[in-house]
Amino acid sequence: MFPKKIKKKIFKDKRGYLLEIIPSKMQKKYIYSILTESRKNVLRGMHFNKKLDEEKLVVILDGNILDVTVNLNKGKDFGKIFYFKLNKNDILFIPKGYAHGYLCYGKKNVILYLMNKKFSKKLNSGFIWNDKNFNIKWNTKKPILSDKDKNLREFKLI
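Fair warning: this is a prediction, and the values are worked out from it, not measured in the lab.

Reading the values: the criteria
- Residues numbered from 1 in each chain as written.
- Predicted model: local features only at pLDDT ≥ 70, side-chain atom pairs only at ≥ 80, totals over all residues.
- Heavy atoms only, no water.
- Patch = residues over 30% accessible without salt bridge, like charges linked within 9 Å, V, L, I, M, F, W, Y side chains within 5 Å.
- Areas by Shrake-Rupley, 256 points an atom, 1.4 Å probe, with all protein chains shown as cover.
- Salt bridge = Lys/Arg side-chain N within 4 Å of Asp/Glu carboxyl O.
- Lys, Arg positive; Asp, Glu negative; His and termini not counted.
- Charge placed at Lys NZ, Arg CZ, Asp CG, Glu CD.
- Helix = DSSP H or I, 4+ residues; strand = E, 2+ residues; numbered from the N terminus.
- Pairing = 2+ DSSP bridges.
- Axes fitted to C-alpha atoms, helices over the stretch in contact; angles between N-to-C directions.
- Buried < 20%, exposed > 50% of the residue type's maximum accessible area, 1.4 Å probe, protein only.
- Phe/Tyr/Trp six-rings, centres within 6.5 Å; stacked < 30°, edge-to-face > 60°.
- Lys NZ or Arg CZ within 6 Å of the ring centre and 35° of its normal.

A. Structural detail: a positive patch on the surface. Together, Lys4, Lys7, Lys9 and Lys25 line one region of the surface with positive charge. Its place among the elements puts Lys7 in the loop between strand 1 (4–5) and strand 2 (9–13).

B. Just the sheet that holds strand 12 (residues 124–126), in detail. The sheet built from five strands is open, its strands ordered 8-7-10-5-12 with antiparallel pairing. The open sheet is flanked by strand 8 (81–87) and strand 12, the only strands paired with a single partner. Averaged over all pairs of adjacent strands, the angle between strand axes in this sheet comes to 25 degrees, irrespective of strand direction. Bridge count for strand 5 (residues 43–49) against strand 10 (residues 98–104) is three bridges, and the pairing is antiparallel. Among the inter-strand pairings, Arg44 is bridged to a residue of strand 10, identified as Tyr102.

C. Main features of the sheet that holds strand 1. The strand order 1-9-6-11-4 describes an open sheet built from five strands, whose pairing is antiparallel. Bordering the open sheet on either side are strand 1 and strand 4 (32–39), each of which pairs with just one other strand.

D. Region of interest: the environment of Lys74. With respect to the helices and strands, Lys74 occurs in the loop between strand 7 (64–71) and strand 8. The sequence separation of Lys74 and Gly97 amounts to 23 residues, and the corresponding C-alpha distance is 8.9 Å.

E. Quick peek at the pairing of strand 10. Most of strand 10 is tucked away, with seven of its seven residues classed as buried. Across the two faces of strand 10 the burial is the same, with Tyr98, His100, Tyr102 and Cys104 and Ala99, Gly101 and Leu103 all buried. Bridge count for strand 7 against strand 10 is seven bridges, and the pairing is antiparallel. Counterpart to Val70 in the pairing with strand 10 is Ala99.

F. Geometry of the pattern of salt bridges. Applying the stated criterion to the full structure yields seven salt bridges. The closest approach of N and O atoms between Lys5 and Asp90, which form a salt bridge, is 3.4 Å. Of the two residues, Lys5 is situated in strand 1 and Asp90 in the loop between strand 8 and strand 9 (91–94); the sequence distance between them amounts to 85 residues. Using a relative accessible area of 40% as the deciding quantity, one classes Lys5 as partly exposed. With relative accessibility at 7%, the residue Asp90 sits in the buried group. The partner of Lys28 in a salt bridge is Glu55, with the nearest N and O atoms 3.1 Å apart. With Lys28 in the loop between strand 3 (16–20) and strand 4 and Glu55 in the loop between strand 5 and strand 6 (56–62), this pair connects stretches of sequence that are 27 residues apart. The class of Lys28 is partly exposed, set by a relative accessible area of 30%. Overall, Glu55 belongs to the buried group, its relative accessible area being 9%. Sharing partners across several salt bridges, the network here consists of Lys5, Lys8 and Asp90.

G. Local environment of the packing of aromatic side chains. Applying the stated criterion across every chain, the model contains 10 aromatic pairs. Both rings, one in Phe48 and one in Phe127, keep their centres 6.3 Å apart while their planes meet at 40 degrees; by these two values the pair is tilted. Of this pair, Phe48 sits in strand 5 while Phe127 sits in the loop between strand 12 and helix 1 (147–150), and the two are 79 residues apart along the sequence. Chaining the aromatic ring pairs together yields one cluster made of Phe48, Phe78, Phe127, Phe134 and Phe155. Note that Lys80 overlies the ring of Phe2, its terminal NZ or CZ placed 4.9 Å from the centroid.

Here it is, written out as structure tokens:
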């Protein structure tokens, strides 16, 4: 299974709109949510769950981002990189076994994550944004990073 942009259903009228975040046909249960706000040129990632059993829905509430996922599942597609340019109201499904990160393009970027697992500091992991094992094309030289993300190392290929 690969990451994919969800076809969104928006119902508009004179009052505004209603956005269906989890499509009714999607048989997934999300038990944990996170909301982030980031300014332009912030890069968050590349993060993953060590058990590779976390699924995410990423919803852009405001702004626009370059969303990047890397397949960490063993097999012929290991290391395959997926790029998505996401704008307000776009929704991205990230299946199990993917590292995830994004670069903010908008002045103000608000992202909602819905996940099938609660956050676990013990299971949380990641690799450095400019890891030579993957050569992700971020199109930035000096992103704004958290201290945690600055200290991530390259992914250990086994």
